[in-house]
Each structure stands twice: as C-alpha cells, then as structure tokens.
Amino acid sequence: MRIRCLLAGCLVLLLAGCGGVDPDSPMGKRQVIFKQMLKTSESLGGMMRGRIAFDGERFALQAQELDQLARQPWQHFPKVQDQGDSAAKAEVWQRQERFQQLARALEARTGELLQASRTKPLSMAAVKPAQANVEAACKACHQEFRSHWSALDGLGPSYSQPRLATETLQGR
C-alpha cells in the first residue's frame, strides 16, 4: 500500500511537470526560434541605442545569426491552426498569403542587414538604416498577426525595456 501511494505521488509530480508546450510540436519549435531571434535582436538594438557598446565584429556575427534565424520559424506554422496557448492570431492561418509576404519581407531585411554588416570597417552609421528596417519588418508582422502585440515588440526607437519584450514573447 505504501509503495502504491509513493508511486501515485511520483506520477502526480511527474505529470505536474509536463505542463506547457511540447518542445517537439510546431508551436514549441517556433517559440524556440522566436526567442533566439528576440535575444539576438535585443543585442543588436542595444548596440544601436547605446545600451551595449558597439562592437563591429560582434554585430556582424549577430546579424548573420539573425539572418539565419529569420528563415526558420515559418516552416513551423502548420497549414491548420495548432491548439494551445499561442500569441499567433487565427489570421496567420486565414491570411496565409499576407503572412508569408511579411515573412519574406523580414528575410529580405535581415539579408540587407547582413550585407550592411560586411562593410569594413563596420560603423553604426553603416548598419543603422538596415537595422531600423529589420525592426520595422518585425513590428509590421506583430501588429497584424500577434495577439499579444505591444509597442515594445517592434523593438523600435521607443523600445526601452528589453526585459519586458522578452517576457511578452513567452506565449508566442
């Protein structure tokens, strides 16, 4: 009897730890990618806004990482809306053509940022317009397709609290 109670208690604890999104699900996979994108974007934006010292070599590496990441999450949006707590609006699945158009725009903007970051010697002035275009592409998609959108998600000029932006991405 004691063993049964102990096993039942262990099972309850094990199941309690199973909450949240399955990391192998499409939603779980895209959440991981979006969180990596946010972390990289916050670092790039921090350099542009003087919160982090500008380091041209580091900026170029992160621009390359962001360009690679920006091409990955779209494959994890299945044709049919997945179940669960997602920040993606139903419009993602209802307006696929527009969603894909904005995805391609982000890819193009991160590609432009990557090209600008290859300028030698690299300066903030050389990458600032391209960085602003990446942020605008993020903001455009978030405004149309993200249910928990806030001004902080755009990472634009008024963006001043990176911790809050990270927190808002949790449900994505």
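What counts, and at which threshold
The numbering scheme is per chain: residues are counted from 1 as the chain's sequence reads. In view of the model being predicted, local features appear only for residues whose pLDDT reaches at least 70, and side-chain atom pairs are presented and counted only at 80 or more, with totals across whole chains, interfaces and linings using the full set of residues. To obtain the side-chain values, all non-hydrogen atoms of the structure were included, while hydrogens and water were left out. Note on method: axes are straight lines fitted to C-alpha atoms, helices fitted across the in-contact stretch only, with angles between N-to-C directions ranging 0 to 180 degrees. Strands are runs of DSSP state E lasting at least 2 residues, helices are runs of H or I lasting at least 4, and numbering of each runs from the N terminus. Roughly parallel covers angles under 35 degrees, roughly antiparallel covers those over 145, roughly perpendicular covers 65 to 115, and oblique covers all other angles. Crossing handedness is defined as follows: a turn of the near helix away from the far one that is anticlockwise and smaller than a right angle gives a left-handed crossing, while the clockwise case is right-handed. When checking whether two residues touch, look at their non-hydrogen atoms; a contact exists if any pair is within 4.5 Å. In this scheme Phe, Tyr and Trp rings, the latter by its six-membered ring, pair at centre separations within 6.5 Å, and the angle between planes marks the pair as stacked below 30 degrees, edge-to-face above 60, and tilted otherwise. By nonpolar core is meant a set of buried Ala, Val, Leu, Ile, Met, Phe, Trp, Tyr and Cys residues that side-chain atoms within 4.5 Å join together. Burial classes follow relative accessibility: with a 1.4 Å probe on protein chains only, a residue under 20% of its type's maximum area counts as buried, one over 50% as exposed, and anything between as partly exposed. Cysteine sulfur atoms are paired as a disulfide whenever they come within 2.5 Å of each other.

## Describing the packing of helix H2 (residues 26-48) against helix H3 (residues 56-69)
Piece 1. Where H2 contacts H3, the two axes come as close as 10 Å, and the packing angle between them is 150°. It follows that H2 is roughly antiparallel to H3 by the angle criterion. Between H2 and H3 lies a crossing whose hand is left-handed. Contacts from Ile33, Gln36, Met37, Thr40, Ser41, Ser43, Leu44, Met47 and Met48 of H2 reach H3 at Arg58, Phe59, Gln62, Ala63, Glu65, Leu66 and Leu69.

## Observations regarding the packing of aromatic side chains
Piece 1. For the coordinates displayed, the defined rule picks out eight aromatic pairs.
Piece 2. Judged by centre distance (6.0 Å) and plane angle (50°), the rings of Phe77 and Trp93 are tilted. Note that Phe77 is positioned in the loop between H3 and helix H4 (91-94) and Trp93 in helix H4, a separation of 16 residues in sequence.
Piece 3. Aromatic pair Phe77 and Phe99: ring centres 4.8 Å apart, planes at 65°, arrangement edge-to-face. Of this pair, Phe77 sits in the loop between H3 and H4 while Phe99 sits in helix H5 (residues 96-116), and the two are 22 residues apart along the sequence.

## Regarding unusual backbone geometry
When glycine is set aside, most residues are seen to have a negative phi, and most peptide bonds are trans.
Piece 1. Here the residue pair Lys120 and Pro121 is connected by a cis peptide bond, since its omega of -10° sits within 30 degrees of zero.
Piece 2. Position of Pro121 relative to the elements: it lies in the loop between H5 and helix H6 (124-145).

## Let's talk about the environment of Arg30
Piece 1. Mapped onto the fold, Arg30 is located in helix H2.
Piece 2. In this structure, Arg30 is in contact with Pro73, His76, Phe77, Pro78, Asp82, Ser86 and Trp93, ignoring residues within four places of it in sequence.

## A short note on the nonpolar core
Piece 1. Met37, Phe59, Phe77, Leu106 and Leu113 are the most contacted members of the largest nonpolar core, which totals 31 residues.
Piece 2. If one sorts the elements of this core by residue count, H6 sits on top with seven residues.
Piece 3. Setting aside residues no more than four positions away along its own chain, Leu106 makes contact with Met37, Ala70, Trp74, Val134, Ala137 and Cys138.

## Things to note about the state of the cysteines
Piece 1. Across all of its chains, the model carries zero disulfides by this definition.
Piece 2. The cysteine Cys138 is free of any disulfide, with Cys141 supplying the nearest cysteine sulfur at 8.3 Å.

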